[in-house]
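Okay, here's what each chain looks like letter by letter:
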Amino acid sequence: MNQARGTDRVPAPLLALTAMVSVQLGAAIAKTHFDDVGAVGAAALRLVIGAVVLALVVRPRVRHWTRAQWVGAVGLGLALGGMNVFIYLAFASIPIGVAVTIEFLGPLALSLVHTRRWRDALWAALALAGVVLLGVGPSAVTEVGGVVWAVLAAACWAGYIVMNRHVGAAIPGVDGLVVSMVVAMLVSLPFGLPSAVDGVVREPVLLLVFGAVAVLSSVLPYALEMAALRRMPTRVFGVLQSLGPAIAALAGLVVLSEGLSVLETVALVCVTAASVGVTLSARRRRR
């Protein structure tokens, strides 16, 4: 209860921004260990540790949940599991900045579907221009498989936004998030468990590394996003996520030395401008 009141004092856009920085930093750190546990193994480790930590800390009370609450939490978990597995497979083939930009097609399409004002549509169009610029770049052209995985992650991301808002409204606190994390963990285990176990047996220190990744990429951001979605329209949240590619590219540059081309820089300026514009527009409407 006190934690919920604390996040209520923080502006919703700031919660969403903090979540994005945390996610992309965790993803960049995880990619440095793909050779040890594999891409899907890294996703599985992240989800397993994140689910265990959340379950131990929160201890969700599910005994009196309704069928609708269970369906919502399971649906969120399926979207969450698919999003994590697919985007990590994309990371293995293409730069993080490019993969996250393509993944943004999901929330971008969602924001266009829900838009009711021409200004929001213009900001979304500017973000789309940035996505297109990165989508036709050399990384996307030469690594078709990585692009396909990123597109699948985009579809899961759109589902995650919709279900996250639904679960946040239907289930108090973060109990719904905890159950969805367990479901996402179960989704990843059949595909990532063998390589994850093999890597951890060889290097037990990887448990500590992916413990940090789980907190950065799962525990902290998903809780912040759920809190933000309780006080932010879905379409605004979707377009605000366009900051994700810029943050991912910077994380890739700092952690992985994945440099930015001129085309990528222009694209990131487009999506960043769109995010700032839609946030300011939403604030003016509230006033």
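Look a little higher up for the structure.
Below: a short report on this structure. Everything numeric in this text was worked out from a predicted model, so none of it was measured.

1. Comments concerning the pattern of salt bridges
Enumeration over the complete set of coordinates arrives at two salt bridges. Between Glu258 and Lys31 there is a salt bridge, with the nearest N and O atoms lying 2.7 Å from each other. Here the residue Glu258 occupies a position in the loop between helix H14 (243-256) and helix H15 (262-286), and Lys31 occupies one in helix H2 (residues 12-31), the gap between them amounting to 227 residues. On the basis of relative accessibility, which here comes to 17%, the residue Glu258 falls in the buried class.

2. A closer look at the side chain of Gln24
With respect to the secondary-structure elements, Gln24 resides in helix H2. Setting aside anything within four residues of it in sequence, one finds Gln24 in contact with Ile96, Val100, Gly244, Ile247, Ala248 and Ala251.

3. Focus: a nonpolar patch on the surface
Taken together, Leu25, Leu250, Leu253, Val254 and Val255 make up a surface patch of nonpolar side chains, about 420 Å² in accessible area. When its relative accessible area of 35% is taken as the criterion, Leu25 is described as partly exposed.

4. Remarks on the environment of Asp36
Relative to the elements of secondary structure, Asp36 occurs in helix H3 (residues 34-37). You can call Asp36 partly exposed: its relative accessible area is 22%. Those residues in contact with Asp36 that lie beyond four places of it in its chain are Ser195, Gly199, Arg202, Glu203 and Leu206.

5. Notes on the side chain of Ser217
Here Ser217 shows up in helix H12 (residues 206-229). Ser217 sits in the buried class, given a relative accessible area of 0%. Residues within four places of Ser217 in sequence aside, it is in contact with Ser22, Val23, Gly26, Ala27, Arg46, Tyr88 and Tyr222.

6. A word on the packing of aromatic side chains
Per the counting criterion, the structure on display carries five aromatic pairs. Plain terms: the ring middles of Phe86 and Trp149 are 5.8 Å apart, the flat faces sit at 20 degrees to each other, and that makes the pair stacked. Residue Phe86 is located in helix H5 (residues 67-91), and its partner Trp149 is located in helix H10 (residues 144-170); the two are separated by 63 residues in the primary sequence. Relative accessible area serves as the criterion here: at 32%, Trp149 is assigned to the partly exposed category.

7. Here's the deal with the nonpolar core
By size, the foremost hydrophobic cluster in this structure holds 49 residues, and its most contacted members are Leu80, Met83, Tyr160, Met181 and Tyr222. Ranked by residues supplied to this core, first place goes to H12 with seven residues. Once residues within four sequence positions are removed from consideration, Tyr160 is found in contact with Leu76, Ala79, Leu80, Met83, Tyr222 and Glu225. Ranked by size, the runner-up nonpolar core spans 34 residues in total, among them Ala27, Val37, Ala43 and Ala90.

8. Looking at helix H11 (residues 175-202)
For H11, spanning 28 residues, the distance from its first C-alpha to its last is only 35 Å, which falls clearly below the expected 40 Å at 1.5 Å a residue. The principal kink in H11, of about 70 degrees, is found at Gly192, preceding the proline Pro194 by one to four residues.

9. As for the environment of Leu152
Among the structural elements, Leu152 can be located in helix H10. The spatial distance from the C-alpha of Leu152 to the C-alpha of Ile87 is 8.1 Å, given a sequence separation of 65 residues.

What counts as what
All chains use their own residue numbering, which begins from 1 and follows the written sequence. Thresholds applied to this predicted model are a pLDDT of at least 70 for local features of residues and 80 or more for the giving and counting of side-chain atom pairs; totals over whole chains, interfaces and linings are not thresholded and use all residues. No hydrogens and no water enter the side-chain calculation; it runs on all heavy atoms of the structure. For this analysis, a salt bridge means a side-chain nitrogen from Lys or Arg found within 4 Å of a carboxyl oxygen belonging to Asp or Glu. Helix numbers and strand numbers start at the N terminus; a helix is a DSSP run of H or I with at least 4 residues, a strand a run of E with at least 2. Remark: exposure states derive from per-residue accessible area (1.4 Å probe, protein chains only) relative to the maximum for the residue type, with buried under 20%, exposed over 50%, and partly exposed in between. Whether two residues are in contact is decided by their heavy atoms, any of which lying within 4.5 Å being enough. A patch is a set of surface residues, each over 30% in relative accessible area and not in a salt bridge, joined within 9 Å for like charges and within 5 Å for the nonpolar side chains Val, Leu, Ile, Met, Phe, Trp and Tyr. Reported accessibility uses the Shrake-Rupley method at a 1.4 Å probe radius. Residues are deemed covered only where the shown protein chains occlude them. Geometry of aromatic contacts follows a simple scheme: Phe, Tyr and Trp rings, the Trp one being its six-membered ring, pair when their centres are within 6.5 Å, and the pair is stacked under 30 degrees between planes, edge-to-face over 60, tilted otherwise. Nonpolar cores were defined as sets of buried Ala, Val, Leu, Ile, Met, Phe, Trp, Tyr and Cys residues, with membership established by side-chain atoms within 4.5 Å. Expected helix span is taken as 1.5 Å per residue step, with the number of steps being one fewer than the number of residues. Fitting axes to the seven residues ending at a residue and to the seven starting there, one defines the bend at that residue as the angle between these axes.

So, to be careful, I would describe these as geometric facts and stop short of saying anything about function.
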